[in-house]
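# Results of the structural survey
In case you want the letters, here they are:
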Amino acid sequence: MGYLLKLREIFKPEQLLTDDYSLVKYASDASGYLSKPDVVVRPRGIDEVAKVIEVAYENGVAVTARGGGSGIRGGAVASRGGILISFELMNRIISVSKADLYVEVEPGITNLLLRSGIESEGLIFPVDPASESISTIGGNVGDEAIGLKSFKYGTMRDNLLGVEFVTPQGKVLNWGGRTVKNVVGYDLTRLLVGSQGILGLITKMILRLLPAPQSRRILVLGFNELASACDASTQIVESMISASAIEIMDEESVGIVKRQIEPDLPDGSILIVEIDGCKSVCQEEASKTMEIARKFGGSVLEDVESEVESKFWKARKSLFKSVIDSGKGILMLNIRVSPSRIWSLIRNLRKIAAGRGLSPVAFGHAGSGRIHCCFLLSEGEVKPECISEFSAESMREVIDCGGDLLEEIRISMGVKPLISQSMDASWEKIMRDVKAAVDPKSIFNPGKLINE
Amino acid sequence: MNKSRFRLRAPADEVEHQLALFRGESTSYSHLKSVEEEIQRCLKCGLCRSVCPIFAEILDESGCARGKIALAEALLEGKLSLSRIFTDRLSKCLNCKSCVEVCPSGIRVDEVVLATRAEIFERGRFPLIKRLVFKYLLTRGRLLPPISRTLAFVQRKILKCLPQSSPYRILLPVVGIDKERILPVFAERTLTQKYDEILRPKGKSRMRVGFFLGCSLNLIYTQVGSAVIRILLGEQMEIVISKDQGCCGMPVYSAGDRRSARKLAERNIRAFKKYDVDAIVVACASCGSALKRDYESILGLRKNAFSAKIYELNEFLNRFGKNMNAKSQSKIRVTYHDPCHLSRAQGITDEPRNLLRKAQNVDFVEMSEPKRCCGGGGLFSFTHYSIAKEIGQKKANQIAATGAEAVATSCPSCMMQLEDMLRRSGLPQRVVHIAELIAENYPPLEESMERSHQE
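Keep in mind that what you see is a predicted model, and the values were worked out from it rather than measured.

## Describing the overall build of chain B
If you tally the helices and strands in chain B, you get 25 helices and nine strands. The buried share of chain B, reckoned over its 455 residues, is 59%. The contacts of chain B with a sequence gap of at least 6 include a subset with a gap of at least 24, amounting to 79%. Taken as a whole, chain B presents about 19,500 Å² of accessible surface, with 54% of it coming from carbon and sulfur.

Shown next as structure tokens:
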């Protein structure tokens, strides 16, 4: 590792970790994949990042970026060794502007700390993923995070105004700016969102903020079955109620939530609707929503004015972890599908799953059209060939219903990829061509997202 | 102690790592094997990072639970061997159990850390002086009072209680104490010297309770011990302060010395067994959690009669207390700090608040994060003062923000840490044990004690 000496010139000893004990700790993220980097660096500012990338480029060393290490796709795992750049120490809010509604942050700040940091100014950043307390903004951008409020306010892509980032050659570039319209030509800012660190490392983000709504209402509606919940959800949207979030949980996930919050909860499916705006509008829309729910046989389980008062909001956010923790999960599909077709898709998936002794647990953002469907083993053992057969079958079902899977292809992680039919050869080619144009030596996070 | 100032860093530890492999050190990690299941359940989700007080300060994966489990796992799988770096990483844990509380898999991270430390200790990777102190001093309880009296004498007469400007402060780092620290003062007479072994209330006694003192109440905060005695006598309890009791074993257990911990546990059990007590009351949160919960693993017993009799003071008063005076007094504004070993380890949070609200001399106000760790961590604040300072400072600010005159808590270790933090920041709040406040709602000792046992 000849380049190690050069790294020692750039970093103080406590920022450069080479001992096995530290490398072991940075060898995995929440995906469970394990691969030790050759060295871990913890930069404090853009200069150090630029210098280390320059060294990496000269020596053809792989570079992987890491924030909170909370990702489940293995994005922060140094699959080909090399240098792991951990942004833990770059966690400041650089500046906030109430008049111009933006905030400049370093990538290592956690989502929750950022949002609570701007709260005192009466501002909100509307992307609130479930991992908010541990995932960092850098990771949120790299993975295109969405939150419960994305239905109304969009995803990370819609709320990122500009970036300062480092190219593979070690040059610092600024793209975008502080205004909503700020780009001429290709929009590299938004190209970077979801790029999982394969095009470059971002060292500063400019995020779009909104004034905090005057009031909020969170309604938790219980239905006997998923079908009614889906119908209610569609109707709510059609009635022009401008909800900020619509979340859905099927009967199985409600069963899991019951164990956590309240055993006396009635069985069935749950819809969580959040409405924000000025007080009178909230009032009106909330009553309209509850009326619609009642039309479909639903009842109001909770009606509060803020997240902290709601037991269900927290349960919804921790559902992902609870499902994985039940230990019987065989397959997790992250589906995107038109909200109005959620029920028919789940119904078909249930049929296929039943035939193989699996039971699906479905929950997600009914408004934004992103559903997580985890298949749990309901009886006996399952053979590996069955799993791949089943994944192929369920994928076909999803596509037939006009949806698609939001899976990434992780060749290097040794996992046989779920090649989605829409992500066919031409998709691959464009992705690879862009990558080759930006990162010719392929040093950034090699092996992730696309076939190399 | 940070010895690495005087030595090379990474290269030397790599050598030690290789040496350990070469020596073929025993890799049958029996303690770790017993918590193997806990280690395997870790999903590496990282949620522990959001609550770990140490991680919030150092922003390094070794601070949080996930990092420590990764290390333990690598050790079990033979990918790593013990070395000074390993010990250093494992030492950065307060045992505050915040991670246990938040972990979605419910992993007992505290057990994993303590098991790993036991492995380290058994292989002799522990400062010699400390090992000798554990083996020969703490296990022989009767040595402690005379030593503490000597220290008290030295503090009062020679070092004059170490005010900030005393030149002798330079000597503190020699014994591993940061020279800026404000230290508590050892009492001139220990509690066991001040009082007889059995104290009876005037009139009929309702129950016979043992009083487990713990080192802090016996040697340093004797006024807290007196307050507890005042409360218990006021509740018509006959009190047994067994002279054979000693250290609960938490410091040695926490450091990994399970053998000494076992000796201490057996001694404490014998000390109270000879008196047929209905319950044993303890006023130190750390001792309480050790006596109730850790004795199970220390003694290797699922349940034991001793642990079943242990009641923490707040718990005891909520359950059996009924004589608290209803006469109105002048009130002081007080806020309450939840010790980690009381709120998370024993699940006791409402009980102290019930008492404070009932007390006639208290105007109770909550601080913004009462359950947040103060950074004391027993001996942690002595060995890692800079981190403990950062954690404690945040707590001190929150206390000041309440506008209270005093902060009450149920753990002498927290008391020491809070006192240091508040005085360093020049804040005016006093630190008291909750017993000292509650005691004011009971008749004074002379009135409730059957015979005068104190001089």
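That shown, we press on.
## Comments concerning the overall build of chain A
Assigned secondary structure in chain A consists of 16 helices and 19 strands. Taken over the C-alpha atoms alone, chain A extends approximately 70 × 60 × 40 Å along its principal axes. Taking all 452 residues of chain A together, the buried fraction comes to 57%. Pairs at least 24 apart in sequence give 71% of the contacts found in chain A among residues at least 6 apart.

## Observations regarding the pairing of strand E9 (residues 172-176) of chain A
Residue and element names in this part refer to chain A. Note that strand E8 (residues 160-166) and E9 share five bridges and pair antiparallel. Residue Val-166 lies in a different strand from E9, and its bridge partner there is Val-172. Between E8 and the antiparallel strand that follows it, E9, lie five residues; Gly-170 among them carries a positive phi value of about 90°.

## Looking at the side chain of B:Asn268
Residue and element names in this part refer to chain B. Tracing the chain through its elements places Asn-268 in helix H15 (residues 258-273). Exposure remark for Asn-268: the relative accessible area of 0% places this residue in the buried category. Engagement of the side chain of Asn-268 in a polar contact is seen with the backbone nitrogen of Gly-246, the distance being 2.9 Å. Not counting chain neighbours up to four residues away, the residues in contact with Asn-268 comprise Phe-212, Gln-245, Gly-246, Cys-247, Cys-248, Tyr-295 and Phe-306.

## What about the pattern of salt bridges?
Under the defined criterion, the tally for this structure stands at 51 salt bridges over all chains. Between B:Arg372 and B:Glu369 there is a salt bridge whose closest N-O contact spans 3.1 Å. The class for B:Arg372 is partly exposed, based on a relative accessible area of 26%. One continuous salt-bridge network, built from bridges that share partners, spans A:Arg42, A:Arg66, A:Glu88, B:Arg49, B:Asp60, B:Glu61 and B:Arg66.

## Quick notes on the sheet that holds strand E10 (residues 201-208) of chain A
All names here are of chain A. If you trace the five strands from one edge of the open sheet to the other, you get E5-E6-E10-E8-E9, paired in antiparallel fashion. Unpaired on one side and paired on the other, strand E5 (93-97) and E9 mark the two borders of the sheet. Ignoring strand direction, the axes of neighbouring strands in this sheet form an average angle of 10°. Across four bridges, the pairing between strand E6 (residues 102-105) and E10 is antiparallel. Its bridge partner lying in E10, Glu-104 is registered against Ile-206.

## Things to note about the interface of chain A and chain B
It is common to give the size of an interface as the accessible area lost on bringing the parts into contact. Each side of the interface is counted separately: chain A has 24 residues, and chain B has 29 residues. Of the roughly 2,300 Å² buried at the junction of chain A and chain B (both faces included), carbon and sulfur atoms supply 57%. The largest share of the area that chain A buries against chain B comes from A:Tyr21, A:Lys25 and A:Ile134, three residues that together contribute 33% of it. Counting across the chain A and chain B interface gives four salt bridges. Across the pair B:Asp60 and A:Arg42 runs a salt bridge, and its minimum N-O distance is 3.8 Å. There are 10 residue pairs in polar contact (both at pLDDT 80 or more) connecting chain A and chain B. Going through the elements one at a time, helix H2 (20-25) and helix H13 (319-325) of chain A are the ones with two or more residues in the side of chain A that touches chain B. If you tally residues by element for the side of chain A that touches chain B, the top one is H2(A), at five residues.

## Some details on the packing of aromatic side chains
Where two aromatic rings form a pair, the distance of their centres and the angle of their planes describe that pair. If you walk through the whole model with that rule in mind, you get seven aromatic pairs over all chains. With centroids separated by 6.4 Å and ring planes inclined at 45°, the aromatic side chains of B:Phe272 and B:Phe306 adopt a geometry described as tilted. Placement of B:Phe272 in helix H15 and of B:Phe306 in helix H17 (residues 305-309) is noted, with a sequence separation of 34 residues between them. Look at B:Phe306 and you get buried, because its relative accessible area is 7%. With 5.8 Å between their ring centres and 70° between their planes, B:Tyr311 and B:Phe316 make a pair best called edge-to-face. Judged on exposure class, the residue B:Tyr311 and its partner B:Phe316 are both buried. Members of the aromatic cluster, each reached through a chain of ring pairs, are B:Phe212, B:Phe272, B:Tyr295 and B:Phe306. Sitting over the face of the ring of A:Tyr57, A:Lys441 holds its NZ or CZ atom 4.5 Å from the ring centroid.

## Digging into the pairing of strand E6 (residues 332-337) of chain B
Residue and element names in this part refer to chain B. For E6, the tally of buried residues reaches five of six residues, placing the bulk of the element in the interior. As paired elements, E6 and strand E7 (residues 362-364) share three bridges and run parallel to each other. Each residue of the ladder has a partner; that of Arg-333, found in E7, is Asp-363. Both E6 and strand E8 (residues 406-409) contribute to a ladder of four bridges, which runs parallel. Directly across from Val-334, in E8, lies its bridge partner Ala-406.

## Let's talk about the nonpolar core
Residues and elements named next belong to chain B. Within the largest apolar cluster, 99 residues are counted, with the highest numbers of intra-cluster contacts made by Phe-211, Ile-229, Phe-316 and Ile-438. Residues contacting Phe-211, with those up to four places away along its chain left out, are Leu-191, Leu-217, Gly-225, Val-228, Ile-229, Ile-239, Val-240, Ile-241, Gln-245, Phe-272 and Val-281. Ranked by size, the runner-up nonpolar core spans 45 residues in total, among them Cys-42, Cys-64, Leu-71 and Ile-120.

## What to know about helix H13 (residues 222-234) of chain B
Residue and element names in this part refer to chain B. The terminal C-alpha atoms of H13 lie 18 Å apart, and with 13 residues this matches the ideal 18 Å at 1.5 Å per residue to within 8%. Counting buried positions along H13 gives 12 out of 13 residues, so the element sits mostly inside the fold. Every buried residue of H13 is accounted for by Thr-222, Val-224, Gly-225, Ser-226, Ala-227, Val-228, Ile-229, Arg-230, Ile-231, Leu-232, Leu-233 and Gly-234. Note on H13: the residue one or two positions beyond its end, Gln-236, has a positive phi of about 60°.

## Digging into the packing of helix H18 (residues 313-320) of chain B against helix H20 (residues 350-358) of chain B
All names here are of chain B. Axis separation between H18 and H20 bottoms out at 8 Å; the angle between their running directions is 65°. H18 and H20 meet at a crossing whose hand is left-handed. Each of Asn-314, Glu-315, Leu-317 and Asn-318 in H18 lies in contact with H20, whose residues at this interface are Glu-351, Pro-352, Asn-354 and Leu-355. For the contact of H18 with H20, the class distribution of residues is three nonpolar, three polar and two charged.

## As for unusual backbone geometry
One non-glycine residue with positive phi stands out, namely A:Asn445, at about 40°. Overall, A:Asn445 belongs to the buried group, its relative accessible area being 3%.

## Focus on helix H23 (residues 412-424) of chain B
Residue and element names in this part refer to chain B. With 13 residues, H23 extends 18 Å between its outermost C-alpha atoms, agreeing within 8% with the 18 Å of an ideal straight helix rising 1.5 Å per residue. In terms of burial, H23 is a largely internal element, 10 of the 13 residues being buried. Along H23, the residues classified as buried are Pro-412, Ser-413, Cys-414, Met-415, Met-416, Gln-417, Leu-418, Asp-420, Met-421 and Leu-422.

## A few points about the sheet that holds strand E3 (residues 63-66) of chain A
Residue and element names in this part refer to chain A. An order of E1-E2-E4-E3 is seen for the four strands of this open sheet, with the pairing classed as mixed. Looking along the sheet, the strands with just one partner apiece sit at the ends: strand E1 (16-17) and E3. Relative to strand E4 (residues 83-86), strand E2 (residues 39-41) is paired through three bridges, and the arrangement is parallel. When the bridges of E4 are listed, Val-41 appears paired with Ile-85. On top of the sheet, helix H3 (residues 46-59) reaches E2, E3 and E4; it is set at about 165° to E4, its chief contact.

## Considering the side chain of A:Glu397
Residue and element names in this part refer to chain A. Structurally, Glu-397 is set in helix H15 (residues 384-400). Buried and unpaired, Glu-397 has no salt bridge, with Lys-351 as the nearest side chain of opposite charge at 7.6 Å. Leave out the neighbours within four places in its chain, and Glu-397 touches Leu-345, Asn-348, Leu-349 and Ile-352.

Reading guide: rules and limits
- All residue numbers here refer to positions counted from 1 along the written sequence of the relevant chain.
- Each chain is given a letter, starting from A, and each ligand a number, starting from 1, according to the order in which they appear as written.
- Given that the model is predicted, a residue must reach a pLDDT of at least 70 before its local features are reported, and side-chain atom pairs must reach 80 or more before they are shown or counted; all residues, however, enter totals for whole chains, interfaces and linings.
- Excluding hydrogens and water, the side-chain figures rest on all heavy atoms present in the structure.
- Going along the chain from the N terminus, every DSSP run of H or I of four or more residues is numbered as a helix, and every run of E of two or more is numbered as a strand.
- Summary of the burial criterion: residues with accessible area below 20% of their type's maximum are buried, those above 50% are exposed, and those between are partly exposed, where the area comes from a 1.4 Å probe applied to protein chains only.
- In this description, contact between two residues means that some pair of their heavy atoms is separated by no more than 4.5 Å.
- Areas reported as accessible are Shrake-Rupley estimates using a 1.4 Å probe. Residue values count occlusion only from the protein chains shown.
- Each pair of strands is called paired provided DSSP finds at least two bridges between the two strands.
- Any pair of nitrogen or oxygen atoms within 3.5 Å is treated as a polar contact; in protein, a donor-acceptor pairing is required on top of that, and neighbouring residues in sequence qualify only through side-chain atoms on both sides.
- The rule for a salt bridge is simple: a side-chain nitrogen of Lys or Arg has to be within 4 Å of a carboxyl oxygen of Asp or Glu.
- Axis lines are fitted through C-alpha atoms, for helices just across the contact stretch, and the angle between N-to-C directions can take any value from 0 to 180 degrees.
- Two parts placed together each lose some accessible area under a 1.4 Å probe, and the buried area is that loss summed for both.
- Two rings from Phe, Tyr or Trp (for Trp, the six-membered ring) form a pair when their centres are within 6.5 Å of each other. A pair whose planes differ by under 30 degrees is stacked, one over 60 is edge-to-face, and the rest are tilted.
- For a Lys NZ or an Arg CZ to count as sitting over a ring, it must be within 6 Å of the ring centre and within 35 degrees of the ring normal.
- Residues belong to one nonpolar core when they are buried, are Ala, Val, Leu, Ile, Met, Phe, Trp, Tyr or Cys, and are joined through side-chain atoms within 4.5 Å.
- To estimate how far a helix should reach, multiply one less than its number of residues by 1.5 Å.
- Two helices cross in a left-handed way if the nearer one is turned anticlockwise from the farther one by less than a right angle. They cross in a right-handed way if the turn is clockwise.
- Note on residue categories: nonpolar means Ala, Val, Leu, Ile, Met, Phe, Trp, Tyr, Cys or Pro, charged means Asp, Glu, Lys or Arg, and polar means any other residue, Gly included.
- The sign given to each residue is positive for Lys and Arg and negative for Asp and Glu; His and the chain ends receive no count.

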